[in-house]
Structures are given as C-alpha cells and as structure tokens.
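Coordinate inspection notes
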Amino acid sequence: MTSRKTEEIYQRRFVAAGYFVLFALLILLIKLFYLQIVRHDYFWKLARARTFYRVSVPAPRGRIFDRRGVLLAGDRPSFNLYLDPFYLRGKEDRVLRVLARILDEDFVALKTEYILKKRKSYGEILFRRGLDWEKVARLEARRYYLPGVRVEARPERFYPFGRSFFHLLGYVSTVSRKDLARLKARGYGPQDVVGRTGLERAFEEVLRGKKGEREVERDALGRTVRIVSEVPPRPGKDLFLTVDASLQKAIYGFLKGRSGAVVVMDPRTGALLALVSAPAPDPEKFLRGFSSLEWKDLNRDPLRPLLNKALLAYHPGSTFKPVTLLAALEAGVISPSEKIYCPGFYRLGRRVFRCWRKWGHGKVSLVQALAQSCDVYFYVLGERLDIDYLARFARACGFGRPSGLGLPGENPGLVPDREWKRRAYHEPWQKGENLVVAIGQGALEVNLLQLVKFYGAIANGGRLWRPFVVREIADPSGKEVDLFSPQQEGRLPVKSSSLRWVLAGLVEAVNGKYGTGKAARLKEILVAGKTGTAQVVRKTMEEGKEVPYEKRDHAWFVAFAPARDPRLVVGVLVEHGGHGGRVAAPIAARVLRLYFGGESP
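None of the values given here were measured: they were computed from a predicted structure.

A count of helices and strands for the protein chain gives 22 helices and 25 strands. Its C-alpha radius of gyration of 35 Å places the protein chain more than 25% over the 25 Å reference for a compact globule of 601 residues. Over its C-alpha atoms, taken along the principal directions, the protein chain stretches across nearly 150 × 55 × 45 Å. Counting every position in the protein chain, which comprises 601 residues, the buried fraction comes to 49%. A separation of at least 24 residues holds for 70% of the contacts in the protein chain among residues at least 6 apart in sequence. Carbon together with sulfur atoms contributes 54% to the accessible area of the protein chain, which is approximately 30000 Å² in total. With 102 positive and 63 negative side-chain charges, the protein chain shows a spacing of 2 Å between the two charge centroids.

Quick look at the structure:
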C-alpha cells in the first residue's frame, strides 16, 4: 500500500470520526434542549422540591388556668427524633447502628421498632419523644453521618395536676391516619395533636392556634443546610376557668380507691368550682403511648377510669324525691299538714312495694318523709301523680336534657312517660311504674351535674343557672378577651312556699335526729342535703352473703351550705358504694369543711 492510499484511509476515518462527534454533539444538544427548555419547569420543581422543602411549625397550644391563675395545662419543649424512610433507604442498618449507640439501645430491638413503625407510617416517623440534652447533643454532633435523621423541638402538652383534672380538661393525642382524612382540610398534619375529650376537645378551635411555616434547604442526603424563610406560628388562646385547683386536687384524694364523681357549684351563678371523676388515667400517657398490656388493664379496670361519672346517667335514687315532692305540692295532691302512715311497705294491686326501713316510719309528715327518706310516703305521691305531669315537671327542673355545660360525652339521662314507654317497649304505662319513678328508680336516669344544678335552684330560691366552667378566653398578649357571664336558663315551676317546705326537709335530713344525711352535719354551718341509695339490680342476694361489687347500690348525696344563704352546692356519687348516708355524705362533709376552712387539703 502506497503512502497516498494510507493517507486517504486516515482522512476518511478522521471525517467519519468528525461526523460521529458532530452527531453525538447534536444528540447532546437535543437532550440539553429537551431538559433545559422543554422540561425546564418539571425538573426545576423537582430539584427545588428535593433541595428546598417546607415544614409546618407547630403553634403552642393555649394554656388553661384555674380561677386563681394556677396553670392546669400548658406546653413545654420536647426534643423529638424523626426518621425519614425515603432518605434511609439502603442505609438503614448503618444509620440505625449509630442511633442505637447514641440512644444506648439494643440495635435489633431498635430496628424491629423502626420496621413496625415504618409499616404504619405515612411519611416521616416520630421515633422518640422527649430526648434529653445529652442525646440531642450527640445526635447533632453526628448529624453528617445520619441521613434521614432529624431532631426537632416541638411544644408538648403537659398537665401539672395530672389525673385529678383528667375528666375536666381531657387530653390531646397525635392525629391518626383515620383522623387525618377528616381533619386535613382544616389544616391538620400527621404530627399535630387534637383534643380528644373534656375542655381540650370542646375548645379545640380556640386552643390549637395557627401553625407557622419554615422553608429549609437540605443536601442530597436529606440533612438540613439552612433555614431559608420562616412564618412564625400564632399561639392558641388561653382559657381561664372557674374551678379551684387545690379544691379539685383534694377532692380527687377524697375519692381514692373508689369509683365516683364530685361536682361543686356556686348556686348564685352556676360557676363550677370542681368537677372530679375518679379514678382517672395519666393524661400525658396518651401522648407518650400505652403498651398493649397497659391499655388492656385500663379497659378491664372495674372502676372504669376512662369514663367521666359526673356526666354519665344513673338512677338517682332518693335524691330525686325533692322533685316528686315539689311536683306533688304544685299539683295539690299533698298538703304540708297531711301525714301518711308507713308500715314498711305499700300495696298496689297484687304488688307490694317495700320501704328501705323494713319496720316502717310510722306516721310521717312532709318534712319527716324527706328527712328520713320514707319510700312509702313517696309511693303514695307517685300513685296520686300522673306520670306525664311528673315527667313534664322534671324536665322543667332541668332533667332529661343536657345540663348546658357543653362538655362532650354528657348523657342527658331519661325522664320516662307514657309516650316513651309506647315507643321503647310498645306497651302501655303501668301504674306501679309511677311509684318507682317517684323514688328515683325504674327507667328514670339523671346525671350528677343535673342534680347539682337542680339543688342549686332549690338553694337560691328557684333560679336555674346554666353551669359554666370557662369564665374568660384571652389571647397570650391579653389584648383580646372574651368574658363569660352567668346565664339564667329559667326558674323552677314552683311557688316559694313549696321551696320553703322542701328546704325544711333537706335541713332536717342533715341536722335532724333521724335524718339520713347526718354524716354531712357541720358545727358552725347549717347544711341542707339529701341522700340517695340507688339499686343497680333487684335485691335477689341471700341475706348475709357478700354482694358482688358490680351489683352493689350506688351512693348519692347532694348538699348545699349555708342552708339560709347558700354559697356552695356539692354533689357526690360513689359507684357501687352502698348507702348514700354512710359513703357519699361523709365525702360531701369533707368538701364543705375544706371550702369553709375547717379542713386542710
């Protein structure tokens, strides 16, 4: 081959290589045009989304104070550890080993927990709450080696008085996946909390505030580089209550070992001074979480700590007798001078209705019947009264409808009448049912708050005040303040003379020789009150045998003092406590002595 031919071959190869390079450059230019021009918006958004992201900044939840400004619920900073499965992908073992060393935890247990939480998560995982300063410092120092790991300080709810305020304040917990579908449109996110019960739920919109937003730049491994911009959150508004923290805490102690409730109200305004239900769980556990065993134990507890007994409906027993008596006086079926003989039983047709005192009370007047809680006297009134009239009268006294306090979960109870019997059982009303309703049994059900409201009206001359517990809502700056004033719903449909007779009976019940509420008597202050012992089941147990806890009677006592110038109404319910005079009245006496200065909490 001559040198000329060799040169031509090289020239052709050079030209071919040139075309190839030009073609490759053309392809690159087309690709570049496609990426930079055609798909510019898409890739710009994608890159920006991976580099800059927006996180919500939780708003501090509004605080709750008692009547003296004592903090009942507030927020404190909590350092929480978050893991992002997206950035942990492929590096899980390495990152979790480092985390296990920093947290002083077992790697296998840590990884198992991570896998379980990842299955349930729908984004970033809240892995640990409330890290201490030392662990936070160690995590921040190793942040470069921990992609997908983030520590953030968030406000966390705490309750200084713990269990004693559980049923009044309620609790908050993290939004669940199911909640999120419902609450997302209202601005809730997966890491937010929401009020579940009590005032936390009733005033959720007031307390939650408004979240802020922070734009953050992060690197390719998901580690935060800098904060680009931030809109600060707006804290929730504060609630100022009418309750007294020290009184509430002491009352919770009075119920120790029992299942029950106590409500204390000012009869002059309807302001609640305490609303206690016991026992109660630790409200902060609902944020930290229960183990499966703890949750099972809580639900199996026979004292039912999750239920607010102040708002549940029960048979009121003899605490309902003042309603029957007032109805009878107003209907004119009984006069204060009439005496009724009690032999210990009352016969209606073929059925015999027993008085709680087997050997009877003898001839009793209106005042004696109320003071000694004579069942036969009220059987007679029940027979004389029309049930539809008694039901209308009871409803006018505040029964059979919500008390007006506004707490979620209140059971308004039931005031039965003929129409109710027809609808519920498709049967006509029987005369004998009048008698059991007249003594607070049968289908009749009321809650403790309704009873306290009714006795408050007896105490103040007939005015039915709507119970309230929030007296003021204020923003943290104190510039916007909403004040709540007492609201009168109406009056008891009675004459003042009828109220005076009932008051005389209630005073005698506590201070008389044969009164059933003697355990609530005070030396310096005249107390008026009424006991109640409500049957849970019909008495079928044999004499001398111990009655199982769940079949024992409920003990009631409602009192007010001073009887002639009332400043306090106290209602006590002890579930399955037995006799109201022996169990509930002494608790009411302790509350009265504490309030009027005779006993230290």
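On the surface, a nonpolar cluster with roughly 920 Å² of combined accessible area is contributed by F14, V15, Y19, F20, V21, L22, L25 and L28. Inspection of the secondary structure assignment puts L25 in helix α1 (residues 3–38).

Across the sheet, 3 strands lie side by side as β1-β8-β9; this open sheet has antiparallel pairing. Edge positions in the open sheet fall to β1 (52–57) and β9 (224–231), since each of these has one partner strand only. Each adjacent strand pair in this sheet contributes to an overall mean axis angle of 30°, direction not counted. Note: strand β8 (residues 212–218) against β9, 6 bridges, orientation antiparallel. Of the residues in β9, the one forming a bridge with E217 is R226.

A few words now on the environment of W556. With respect to the helices, strands and loops of the structure, W556 is situated in strand β24 (residues 554–561). Classification of W556 by relative accessible area gives buried; the value is 0%. With 535 residues separating them in the primary sequence, W556 and V21 have C-alpha atoms 98 Å apart. Engagement of the side chain of W556 in a polar contact is seen with the backbone oxygen of H315, the distance being 3.1 Å.

Turning our eyes to something else, we now look at the side chain of Q441. Within the secondary structure layout, Q441 lies in the loop between α19 (431–438) and β18 (446–447). Polar side-chain contacts of Q441 include one of 2.8 Å to the backbone nitrogen of Q535. Dropping the residues within four chain positions of it, Q441 is found in contact with H315, G317, V436, T533, A534 and Q535.

Attention now goes to helix α21 (residues 496–511). Taking 1.5 Å of rise per residue, 16 residues should cover 22 Å, and α21 covers 22 Å from first to last C-alpha, within 8% of that figure. The inward-facing, buried residues of α21 abut α14 (321–331), α15 (366–372), α20 (448–460), β23 (528–534) and β24.

The 5 strands are arranged β12-β11-β25-β24-β23 in an open sheet whose pairing can be described as antiparallel. The open sheet is flanked by β12 (272–278) and β23, the only strands paired with a single partner. Within this sheet the neighbouring strands show an average axis-to-axis angle of 5°, counted without direction. Along the sheet face, helix α11 (residues 245–254) touches β11 (260–265) and β12 and points at about 30° away from the line of β12. Those strands touched by α21 are β23 and β24, and its axis lies near 75° from that of β23.

Moving on: unusual backbone geometry. Each neighbour pair has its own omega, and for A278 with P279 the value is -10°, a cis peptide bond. Mapping P279 onto the fold places it in the loop between β12 and α12 (285–288). Looking along the chain, the bond that leaves A561 and enters P562 is cis, with omega of -15°. You can see P562 is positioned in the loop between β24 and β25 (568–574). If you check the backbone angles, D104 has positive phi at about 55° while not being a glycine.

Of all the 5 residues making up strand β20 (residues 470–474), 4 are buried; the element is thus mostly covered by neighbouring parts of the structure. Bridging between strand β10 (residues 238–241) and β20 involves 4 bridges; their strand directions are antiparallel. Opposite D238, over in β20, you have A474 as the bridge partner. As paired elements, β20 and strand β21 (residues 481–483) share 3 bridges and run antiparallel to each other. Its bridge partner lying in β21, A474 is registered against V481. Between the antiparallel neighbours β20 and β21 lie 6 residues, among them G478 with a positive phi of about 80°.

Bringing the state of the cysteines into the picture now. As enumerated under the stated definition, the model contains 0 disulfides in all. There is no disulfide at C342, and the cysteine sulfur nearest it, in C374, is 3.6 Å away. Under the relative-accessibility criterion, C342 is labelled buried at 1%.

Conventions adopted
- Residues numbered from 1 in each chain as written.
- Predicted model: local features only at pLDDT ≥ 70, side-chain atom pairs only at ≥ 80, totals over all residues.
- Heavy atoms only, no water.
- Helix = DSSP H or I, 4+ residues; strand = E, 2+ residues; numbered from the N terminus.
- Rg over C-alpha atoms; globule rule 2.2 N^0.38 Å.
- Buried < 20%, exposed > 50% of the residue type's maximum accessible area, 1.4 Å probe, protein only.
- Contact = heavy atoms within 4.5 Å.
- Areas by Shrake-Rupley, 256 points an atom, 1.4 Å probe, with all protein chains shown as cover.
- Lys, Arg positive; Asp, Glu negative; His and termini not counted.
- Charge placed at Lys NZ, Arg CZ, Asp CG, Glu CD.
- Patch = residues over 30% accessible without salt bridge, like charges linked within 9 Å, V, L, I, M, F, W, Y side chains within 5 Å.
- Salt bridge = Lys/Arg side-chain N within 4 Å of Asp/Glu carboxyl O.
- Pairing = 2+ DSSP bridges.
- Axes fitted to C-alpha atoms, helices over the stretch in contact; angles between N-to-C directions.
- Polar contact = N/O pair within 3.5 Å; in protein donor to acceptor, adjacent residues only side chain to side chain.
- Expected span 1.5 Å × (residues − 1).
- Disulfide = S-S within 2.5 Å.

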